[in-house]
Amino acid sequence: MSALVIKDLHVSIADKEILRGLNLEIPKGEVHAVMGPNGSGKSTLSKVIAGHPDYTVTRGEVLLDGKNVLGLEPDERSRMGLFLAFQYPLEIPGVSNANFIRAAVQARLPEGEELEATEFYAKLYEKMDLLEMPRAFTARSVNEGFSGGEKKRNEILQMAMLEPSYAILDETDSGLDIDALKVVSNGVNALRGPNLGILLITHYQRLLDYIVPDYVHVMVGGRIVQSGGKELALELEAKGYDFIREGLEEPALAS
Ligand code: ADP
Ligand code: MG
């Protein structure tokens, strides 16, 4: 079936178990928000799905359209249609933004097929206009000297150009003022559709006013502890994460 499926995922780093039996299913075409307090393992989840080498998966599976991707390199997962927008995008001095994106798009084409420059730039400019990014951003080094908001827009620009089947957006709202948040949300909403599943990770409800999710999941202590519709986010906003923690059986999760 067409979905990103996470089954009983256990992940450790430096002998500390961060994800402790996490289950989640994101069918293509749906937007699933994962909310949770700081330190609950949200970024760990996103990095493990993308293939970060520092984390050890001790149990479980990550299935992309039925295929287990654990063990595959990050670039293989990317070419299979997975995209991760980082919570903290890296700067790449000396590599222009346009060349970086062009190389990534080229890497997705079949062997021997050359990306057509005019077509590439036409599409790049169209997506940059959508994200209200001035043309000067094509020539600047990737994220170097970009403001927090500009870096987040640049992540969404990459997503728009790579056209993934599944996108994980890790706190794309953090560090954004309200105007930038609206622009980024518009960009994401424009990409929504039947061919894209989105895992939207956020700490705050505010983002979900602009990108309205189909489902909301609450993550505490490395597990999904509650799932519901978009109204669950409002309940969390009103009551805080403590009301979820109090309802948990296991005292260890409440720390
Ligand atoms: P969230 O994104 O929900 O705030 P993280 O996934 O960033 O949570 O972190 C979850 C826990 O894992 C935290 O206690 C954090 O300190 C720990 N952790 C994450 N990455 C590392 C790492 N590289 N080395 C050691 N501990 C880590
Ligand atoms: Mg995080």
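Just above, that's the structure.
Everything quoted here is computed from the prediction, not taken from an experiment.

Participant: Which residues make up the overall build of the protein, and what values go with them?
Facilitator: Scanning the protein from terminus to terminus reveals 9 helices and 12 strands. Scaling as 2.2 N^0.38, a compact globule of 255 residues should have a C-alpha radius of gyration of about 18 Å, and the protein matches this with 18 Å. Looking at the protein as shown, the accessible area adds up to about 12,000 Å², and 49% of this sits on carbon and sulfur atoms. Taking the average location of the 26 positive side-chain charges in the protein and that of its 38 negative ones, the two points are 1 Å from each other.

Participant: So what about the packing of helix α5 (residues 148-162) against helix α6 (residues 178-191)? Which residues, and what values?
Facilitator: Where α5 meets α6, the closest approach of the two axes is 10 Å, and the angle between their N-to-C directions is 10°. By the angle between their directions, the pair α5 and α6 is classed as roughly parallel. When α5 is examined against α6, the residues K152, R153, I156, M159 and A160 are found in contact with a partner set consisting of A180, V183, V184, G187, V188 and L191. Here the residues of the contact of α5 with α6 are counted per class, giving 8 nonpolar, 1 polar and 2 charged.

Participant: Tell me about the pattern of salt bridges, and please be specific about residues and values.
Facilitator: Scanning all chains against the criterion turns up 9 salt bridges. Between E126 and K127 there is a salt bridge whose closest N-O contact spans 3.7 Å. The partner of K239 in a salt bridge is E235, with the nearest N and O atoms 3.2 Å apart. Placement of both K239 and E235 in helix α8 (residues 231-239) is noted, with a separation of 4 residues, approximately one turn of the helix.

Participant: Could you give me a rundown of the site of ligand 1, with the residues and numbers involved?
Facilitator: The full set of residues close to ligand 1 is I13, K16, I18, P37, N38, G39, S40, G41, K42, S43, T44 and Y55. Interatomic distance of 2.8 Å between a backbone N/O atom of G39 and an oxygen atom of ligand 1. A distance of 3.2 Å separates a nitrogen atom of ligand 1 from a polar atom in the side chain of Y55. For ligand 1, whose accessible area on its own is 560 Å², the fraction buried by protein is 64%. Where the shell around ligand 1 is concerned, the elements lending two or more residues are β2 (16-27) and α1 (42-50). Of all the elements, α1 adds the most residues to the shell around ligand 1, at 3 residues. Its residues placed into classes, the shell around ligand 1 shows 4 nonpolar, 6 polar and 2 charged.

Participant: Requested: an account of the environment of L236, with residues and values cited.
Facilitator: Mapped onto the secondary structure, L236 falls in helix α8. The spacing of L236 and M35 is 201 residues in sequence and 8.9 Å in space, taken between C-alpha atoms. The contacts of L236, once residues within four sequence positions are left out, are M35, V218, Y241, F243 and I244.

Participant: With reference to specific residues and values, describe the coordination of the magnesium ion (ligand 2).
Facilitator: Donor atoms from the polypeptide that bind the magnesium ion (ligand 2) are S43 (OG) and Q87 (OE1), placed at 2.1 to 2.3 Å. With S43 in helix α1 and Q87 in the loop between β6 (82-85) and β7 (92-96), the pair connects residues that are 44 residues apart, well separated along the chain. Each member of the pair S43 and Q87 is classed as buried.

Participant: Outline the sheet that holds strand β3 (residues 31-35), supporting the account with residue identities and numerical values.
Facilitator: Pairing is mixed in the open sheet, where 6 strands are placed in the order β6-β9-β10-β3-β11-β12. The sheet is open, and its two edges are formed by β6 and β12 (223-228), each paired on a single side. Taking each pair of neighbouring strands and ignoring which way they run, the sheet shows an average axis angle of 20°. Lying on the sheet, α5 is in contact with β6, β9 (166-170) and β10 (197-202); it crosses β6 at an angle near 170°.

Participant: Can you break down the nonpolar core residue by residue, with the values?
Facilitator: Ranked by internal contacts, the top residues of the largest apolar core, which has 44 residues, are L124, I156, L157, M159, L169, I198 and L200. If one sorts the elements of this core by residue count, α5 sits on top with 6 residues. The contacts of L157, once residues within four sequence positions are left out, are I101, L124, K127, M128, L131 and M133. Ranked by size, the runner-up nonpolar core spans 25 residues in total, among them L19, L22, I26 and V34.

Thresholds, definitions, all that
- Residues numbered from 1 in each chain as written.
- Chains lettered and ligands numbered in written order.
- Predicted model: local features only at pLDDT ≥ 70, side-chain atom pairs only at ≥ 80, totals over all residues.
- Heavy atoms only, no water.
- Helix = DSSP H or I, 4+ residues; strand = E, 2+ residues; numbered from the N terminus.
- Rg over C-alpha atoms; globule rule 2.2 N^0.38 Å.
- Areas by Shrake-Rupley, 256 points an atom, 1.4 Å probe, with all protein chains shown as cover.
- Lys, Arg positive; Asp, Glu negative; His and termini not counted.
- Charge placed at Lys NZ, Arg CZ, Asp CG, Glu CD.
- Axes fitted to C-alpha atoms, helices over the stretch in contact; angles between N-to-C directions.
- Parallel < 35°, antiparallel > 145°, perpendicular 65-115°, else oblique.
- Contact = heavy atoms within 4.5 Å.
- Nonpolar A, V, L, I, M, F, W, Y, C, P; charged D, E, K, R; others polar.
- Salt bridge = Lys/Arg side-chain N within 4 Å of Asp/Glu carboxyl O.
- Near = heavy atom within 4 Å.
- Polar contact = N/O pair within 3.5 Å; in protein donor to acceptor, adjacent residues only side chain to side chain.
- Donors = N, O, S within 2.8 Å, 3.2 Å for Na, K, Ca; no water.
- Buried < 20%, exposed > 50% of the residue type's maximum accessible area, 1.4 Å probe, protein only.
- Pairing = 2+ DSSP bridges.
- Core = buried A, V, L, I, M, F, W, Y, C linked by side-chain atoms within 4.5 Å.

Any link to function would need more than the numbers given here.
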